[in-house]
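Spelled out, the chains give:
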Amino acid sequence: MGRIAVIGAGMGAMAAAARLAVAGHRVTVYERTETYGGEVRRFERDGFAFDTGPGLLPLPAVYRDLFVKTGKEPLEDCVELVQVDPSARHVFADGTEVSLPNASRAGVVTALDEALGAGAGQRWGDFLVRAREAWDRTRRPLLEEPLWPNWQVLAEREPYPSVPHKKLLRTRRASTLYEIGAWELRDERLAALLNSHALAYGLNPRDTPASAAVLPYLEHAFGTWYVRGGIRELARAVYERCVRRRVEFVFGTEVVAVQAKDGRAAGVALADGRVVDADHVVAGVDPVRLDTLTRPTGYRLDADGDVAAGLKAPRPVRLTVLLALRGGPEAGAAHRTVVHAPDDETELDLLTAPGGDRPVRPTVTVLRPADPALGPDGEHESVVLSAVLSAEAGWEQDSTGRVCTDLLLEAAEAAVPGLRERLLWHETRLPEPATDGTGFGGISAPALAAGGGRFLHPANTTRLPGLYRVGGWSHPGGGLAHAGMSGALVAGLIVEGPEFRGSQ
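It should be emphasised that the depicted structure is a prediction, and the values quoted were computed from it without experimental measurement. (Residues numbered from 1 in each chain as written. Predicted model: local features only at pLDDT ≥ 70, side-chain atom pairs only at ≥ 80, totals over all residues. Heavy atoms only, no water.)

Chemist: Talk me through the packing of aromatic side chains; I want residue IDs and the actual numbers.
Modeler: Applying the stated criterion to the full structure yields 13 aromatic pairs. With centroids separated by 6.2 Å and ring planes inclined at 40°, the aromatic side chains of Trp-135 and Tyr-217 adopt a geometry described as tilted. Placement of the pair is Trp-135 in helix 5 (residues 120-144) and Tyr-217 in helix 9 (residues 214-222), with a sequence separation of 82 residues. When sorted by exposure, Trp-135 lands in the same class as Tyr-217, which is buried. Between Tyr-239 and Phe-249 the ring centres are 4.7 Å apart and the planes differ by 65°, which places this aromatic pair in the edge-to-face class. Residue Tyr-239 is located in helix 10 (residues 232-244), and its partner Phe-249 is located in strand 12 (residues 248-251); the two are separated by 10 residues in the primary sequence. When its relative accessible area of 14% is taken as the criterion, Phe-249 is described as buried. (Phe/Tyr/Trp six-rings, centres within 6.5 Å; stacked < 30°, edge-to-face > 60°. Helix = DSSP H or I, 4+ residues; strand = E, 2+ residues; numbered from the N terminus. Buried < 20%, exposed > 50% of the residue type's maximum accessible area, 1.4 Å probe, protein only.)

Chemist: Any chance you could break down the packing of helix 7 (residues 177-185) against helix 8 (residues 188-199) for me, citing the residues and the numbers?
Modeler: Across the interface, helix 7 lies against helix 8 with an axial gap of 9 Å and an inter-helix angle of 160°. Of the possible angle classes, the one that applies to helix 7 and helix 8 is roughly antiparallel. Considering only the axes of helix 7 and helix 8, their crossing is right-handed. When helix 7 is examined against helix 8, the residues Leu-177, Tyr-178, Ile-180, Gly-181 and Leu-185 are found in contact with a partner set consisting of Leu-190, Ala-191, Leu-194, Asn-195 and Ala-198. Tallied by class, the residues present in the contact of helix 7 with helix 8 amount to eight nonpolar, two polar and no charged. (Axes fitted to C-alpha atoms, helices over the stretch in contact; angles between N-to-C directions. Parallel < 35°, antiparallel > 145°, perpendicular 65-115°, else oblique. Left-handed = near helix turned anticlockwise from the far one by under 90°. Contact = heavy atoms within 4.5 Å. Nonpolar A, V, L, I, M, F, W, Y, C, P; charged D, E, K, R; others polar.)

Structure follows, in structure tokens:
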């Protein structure tokens, strides 16, 4: 079998490495940092531990499949999965609160009717039925197959079956997530609930295609899960699976170029001057860095297929605040609380045009795992706050971080009783600006149909034969589950060749 060089040890890259090793390839992963996991990192201080990347796991079936296909030990033998219930507690701008059951459409409908008034739950339930239709139409081409060569079909066709909306003798259909909220849900709180699923990935509902209805559908249909000990434990389990399959990891080693010979990828050049030969190269890096790595070959990959056009503008970034609290969580505390912005219209304005005379509190997600492994003892609690903000908010200024931290703490008081009195210390993780000025320090969202292709991601194959893309900046996009899917697609393309069409 062949020699595989993998650039980066993110979740998608490791998923591909494990599958390729099982297929008999000799796989070496080159990671410029000193650890694995990509964005799935952990911060520790004074006996407290925090996930600084994703805090919840959607679609655990992706990683169950990875572990089944790469060894005898199933995923549940390597990590403990816990289904989060309620899936989320929502605190709306008017003070209304609702806790939504996990993976129960009927339970969600009932909860919304009780909290928001009769009819609200039914409207949301009807929306989920339409969202399922969009999911059924896009699941295979967007998640289970390599990106189609004629990807324009996905870009032009809106799979969400919008409901006709009549106004002033005109009939309109929702083409964006924002219009679904206004015309079909007809409740500001339901609209905020819908929008929060897009905001979590840095998407502005105003220009996000209606096909993004699949995001809340995924959560309601397949549930939300937590990995005991933190999501970092999932990264550890995938790394250890790779090691057991004899994948070699070389940490603290940066790849500076992809080598080419006879018109195809032939290896990688390292920062220390070494050149490593390979039959295939798998790149788990963003498109801007990959373009830099391939320039010596003469292949420009930044505009490959033109499906990355929507990624070229600066993307919103995620601000995270880590809280160390005295005292354990109260009985019945929700694992996840979404505290919605008091002025959602202004929040959406600031995502694309930051500024204004006064700071505006964004939608804030509060994660309270209630996991003894994340604190020094049962008398303490670790909490993670996060919000999506503009990439152009002036993060180089210390005052910006302080103001935004205060806004997140203010929102968290609606989710954590007695927060200020219990707070021992907090740690703010500021967004890291993209050093190349292209905005690739932002959040990568899952691939979505429609929208002119702006919400698709570059294909896993490239114009340079033998070079493949993997991870959240490639098809099928960002998020833990999607990264795992990209690893499966890349492994299939290498093992079975260009005729590979995904799992059946």
